[in-house]
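Architecture at a glance
As a plain string of letters, each chain reads:
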Amino acid sequence: MKNTPDELGLQVDECSTELKQLNEQIQKEISIRKRREEELLILQEVNNMINRGISPEKVFQTLVDNICSLYNYESVAMHLISKDRKSLIIKSYSANSNVANKLEKLTRINLRNYEVPLYEGSIFNEVIENKKPVITNDINWVLESYASKTSLKVLVKAGSRLTKAKWGMGVPLLAEDNVLGIIGCGSTYELTDEDSLRFAIFGAQAGLAIERQQIYNILEDKVEERTKELAESEEKYRSLIQTSTDPIISINAKRKITIWNNASENLFGYSKREAIGKTLDIIIHEKYIKSHNKSIKRFIKTEKKRVIGKNVEVEAKRKDGKLIPIELSISAIKLGDKYTFTAIIRDITKRKQDEGLMKQYIEELKTLGEIDKRIIKNQTISSLLKFIGEEAAKLTSADAFFFSLVEGDVNRIRTFYGNSEDINKEIKQYDGLAWKLFEQKVPLVVDDLYADSQIQIEPAYDNLRKAGMASFAAVPCISGQGETKGLLFVACKKKDMFTKHLRTLENLSRQFSVAIEHAKLNKEMKKAYKELKTLDTLKSDIISNVSHEIRTPITIVSAAIELLRDKVNPEERDSLLDMAMYEIGRAHV
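Everything numeric here is computed off the predicted structure, so don't read it as measured data. (Residues numbered from 1 in each chain as written. Predicted model: local features only at pLDDT ≥ 70, side-chain atom pairs only at ≥ 80, totals over all residues. Heavy atoms only, no water.)

**Focus: the nonpolar core**
One recurring pattern in soluble globular proteins: nonpolar side chains tend to sit buried together. In terms of nonpolar packing, the biggest core is built from 30 residues, with Ile67, Val76 and Phe199 touching the most fellow members. If you list the elements that add at least two residues to this core, you get helix 1 (5–51), helix 2 (56–71), strand 1 (75–81), strand 5 (167–175), strand 6 (178–187) and helix 8 (193–243). Ranked by the residues each element gives to this core, the list is headed by helix 2, at eight residues. Contacts of Phe199, omitting those with residues within four sequence positions, involve Ile67, Tyr73, Val76, Met169, Val171, Ile183, Gly184 and Cys185. Counting 26 residues, the second largest nonpolar core, distinct from the first, contains Ala398, Phe401, Ala473 and Met497. (Core = buried A, V, L, I, M, F, W, Y, C linked by side-chain atoms within 4.5 Å. Buried < 20%, exposed > 50% of the residue type's maximum accessible area, 1.4 Å probe, protein only. Helix = DSSP H or I, 4+ residues; strand = E, 2+ residues; numbered from the N terminus. Contact = heavy atoms within 4.5 Å.)

Structure, rendered in structure tokens:
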């Protein structure tokens, strides 16, 4: 059955309507798909900006500009909650420029960074408390929520006419369960849940940017804090180094000086400007340079410690070329692949001097003890003086020694060691320098035999100059009674040798006096002993004679008494008694 023209026309209209509807549906799908693509592009762009570390403010501005343009909203704003959570701060804002300018002119405020109060009944407070989107067709409520002053609330109606927006919406920016801010918009058309879902997606990106920024801020604060701590620590470290009383020097792997403190300047004579950048060779003794260089290279290669971490005593060189004994403690620090070596140095000149003095003092005590032993053993004065002179030479590094002894009005000088020609001279009383020293009882130290005027005019010391002696000392030998017994002389081929040994020489000179006095006393004791022995012999003779004289009358008296025991006549008895009485009287006399 054929359709009539009317029926065909009706069918054509129906097909046309269906095609039109299909086309509209296709166009709508295309539009939606295109919008989805644009949304993805926006999200991708924002994501790239976040990954590149672009500031959140620029990310927010890009986001609100694209959202406002893509969906034809009247305005879009990004708000971040303040630290005290009592207000919102507008960080980014997008709207028709004319409208924005008119609003700013009307309210006399700058919308960007404007602080929106959070109070009970505002749309923003409701969004934050519920943590859910809020959509409203009461634009005045939205504008009132922005007003922090009564004067601004009066302008709400005028503001609503300027924006032409009828609908408003606020969507929370969430990080887990924490509200970071609000993204909101004003629209001339009705807003739906689809808009809030869309804002939630963009808000998630904004939240990511905020979180990144917060993490960055935390890290930045920590870095800043750590940098400040390191700066303070470094300042304290440098301050400690600079104020240290001990020299502190640091070098790199190439042995170039990187740290040179004030104490280093004082000890070595180089200023910081002169030392920094130079190799350590400026203060190392020539004999240590090669071994030091090898040690640094060996440690960098093997990391085996030989002197690092230990106290080492070496000689160092000052700027003026003078060598000084030092003790150094070395440490090594590796930063990355580079080494820094630091040495804490102590000038041990005084310690070495004290050690030398102590050693000399011990040797001196040993020598004095040995002299005492020899004196007690009654060695000859010649051998004692020779021993004292030899020990004086050892203790003072002398090249020659001799003595002078006073004998009456003559000062006799005798060489014991070190002179090519024997000095055996007699100097009469009050003649020359020696007699002056006897009288003054003070030592004489001559640092330079060729420069001292009082020695140059003394012919007695010509032999010393001929022998090449350069310095000289003479010390009076004073007894316990204050009498000068002689002089102890020492000489050396080097200048300035005896000032530091004067105490030693004075101690030896006292032993010289003791030896002389002991020898004199020993001689006197021998003489007294001889005299006592003579007296003892005389006493024996006298006792023998007296004994004989006493024994003779006693014998006669004893015989007479024996005769009286016998019976004799009276005349004989009287004669015997007279004889006994006579002998008794004679013995009594």
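From this point on, the discussion continues.
**Side note on helix 12 (residues 349–376)**
Between the first and last C-alpha of helix 12 there are 40 Å, a value that for 28 residues agrees with the 40 Å anticipated at 1.5 Å per step. Every buried residue of helix 12 is accounted for by Gln360, Glu364, Thr367, Leu368, Ile371 and Ile375. (Expected span 1.5 Å × (residues − 1).)

**Some words on the packing of helix 12 against helix 13 (residues 381–396)**
As a packed pair, helix 12 and helix 13 sit with axes 11 Å apart at the nearest point and diverge in direction by 175°. Compared by their axis directions, helix 12 and helix 13 come out roughly antiparallel. From helix 12, Gln360, Glu363, Glu364, Thr367, Glu370, Ile371, Arg374 and Ile375 reach across to helix 13, where they touch Leu384, Phe387, Ile388, Glu391 and Leu395. Taken together, the residues of the contact of helix 12 with helix 13 sort by class into six nonpolar, two polar and five charged. (Axes fitted to C-alpha atoms, helices over the stretch in contact; angles between N-to-C directions. Parallel < 35°, antiparallel > 145°, perpendicular 65-115°, else oblique. Nonpolar A, V, L, I, M, F, W, Y, C, P; charged D, E, K, R; others polar.)

**Comments concerning the pattern of salt bridges**
For the structure on display, the rule yields 19 salt bridges. A salt bridge links Arg226 to Glu229; the shortest N-O distance between them is 3.3 Å. Of this pair, Arg226 and Glu229 are both found in helix 8, three residues apart, which corresponds to roughly one turn of the helix. Owing to a relative accessible area of 48%, Arg226 belongs among the partly exposed residues under this scheme. A cluster of three or more residues bridged by salt bridges with shared partners is formed by Asp246, Glu313, Glu327, Arg346, Arg351, Lys352 and Glu355. (Salt bridge = Lys/Arg side-chain N within 4 Å of Asp/Glu carboxyl O.)

**Comments concerning the packing of helix 4 (residues 123–130) against helix 5 (residues 139–146)**
Between helix 4 and helix 5, whose axes approach to 8 Å, the crossing angle comes to 85°. The angle between the axes of helix 4 and helix 5 places the two elements in the roughly perpendicular class. Facing helix 4, whose interface residues are Ile123, Phe124 and Glu126, helix 5 presents Trp141, Val142, Ser145 and Tyr146. Considering only residue class, the contact of helix 4 with helix 5 consists of five nonpolar, one polar and one charged.

**Quick word on the sheet that holds strand 3 (residues 115–117)**
In space, the six strands of this open sheet follow the order 3-2-1-6-5-4, with antiparallel pairing throughout. Lying at the two open borders of the sheet, with one neighbouring strand each, are strand 3 and strand 4 (134–136). The sheet shows a mean angle of 25° between the axes of neighbouring strands, direction not considered. Here three bridges tie strand 4 to strand 5, and the two strands are oriented antiparallel to one another. Bridge pairing links Ile135 to Met169 in strand 5. Each of strand 1, strand 2 (87–95) and strand 6 is contacted by helix 2, which is oriented at about 50° to strand 2, the strand it contacts most. (Pairing = 2+ DSSP bridges.)

**Concerning the sheet that holds strand 10 (residues 323–335)**
Taken in spatial order, the five strands make up an open sheet running 8-7-11-10-9, and their pairing is antiparallel. Across the chains shown, the open sheet's two edge strands, defined by having one partner strand only, are strand 8 (257–260) and strand 9 (311–317). Across the sheet, the mean angle separating the axes of adjacent strands is 30° when strand polarity is ignored. Bridging between strand 10 and strand 11 (residues 338–347) involves 10 bridges; their strand directions are antiparallel.

**As for a positive patch on the surface**
Judged by side-chain charge, Lys290, Lys294, Arg298, Lys304 and Arg306 come together as a positively charged surface patch. Along the chain, Lys294 falls in helix 11 (residues 286–302). Under the relative-accessibility criterion, Lys294 is labelled exposed at 58%. (Patch = residues over 30% accessible without salt bridge, like charges linked within 9 Å, V, L, I, M, F, W, Y side chains within 5 Å. Areas by Shrake-Rupley, 256 points an atom, 1.4 Å probe, with all protein chains shown as cover. Lys, Arg positive; Asp, Glu negative; His and termini not counted. Charge placed at Lys NZ, Arg CZ, Asp CG, Glu CD.)

**Section: a negative patch on the surface**
Negative charge collects at one region of the surface, where Glu220, Asp221, Glu224 and Glu225 lie side by side. On the secondary structure map, Glu225 appears in helix 8.

**What to know about the pairing of strand 1**
Buried residues dominate strand 1, accounting for seven of its seven residues. Of the two faces of strand 1, both are covered, the one formed by Ser75, Ala77, His79 and Ile81 as well as the one formed by Val76, Met78 and Leu80. Pairing geometry for strand 1 and strand 6, over six bridges, is antiparallel. Within strand 6, the residue paired with Ser75 across the bridge is Gly186. The antiparallel hairpin formed by strand 1 and strand 2 contains five residues in its connecting segment, where Arg85 sits at a positive phi of about 60°.

**Focus: the packing of aromatic side chains**
Evaluated as defined, the whole model comprises 10 aromatic pairs. Ring centres 6.1 Å apart and planes at 25° place the aromatic pair Tyr73 and Tyr189 in the stacked group. Of this pair, Tyr73 sits in the loop between helix 2 and strand 1 while Tyr189 sits in the loop between strand 6 and helix 8, and the two are 116 residues apart along the sequence. Seen from their ring centres, Trp260 and Tyr270 are 6.5 Å apart, and the 80° between their planes marks the pair as edge-to-face. Of the two residues, Trp260 sits in strand 8 while Tyr270 sits in the loop between helix 9 (262–268) and helix 10 (272–275), which places them 10 residues apart along the sequence. Comparing Trp260 with Tyr270 shows no difference in burial state: the two are buried. (Phe/Tyr/Trp six-rings, centres within 6.5 Å; stacked < 30°, edge-to-face > 60°.)

**A short note on the side chain of Ser94**
Inspection of the secondary structure assignment puts Ser94 in strand 2. Here the side chain of Ser94 touches Asp65 through a polar contact of 2.9 Å, side chain to side chain. If we skip the residues at most four places from it in the chain, Ser94 touches Val64, Asp65, Cys68, Glu74, Ser75 and Val76. (Polar contact = N/O pair within 3.5 Å; in protein donor to acceptor, adjacent residues only side chain to side chain.)

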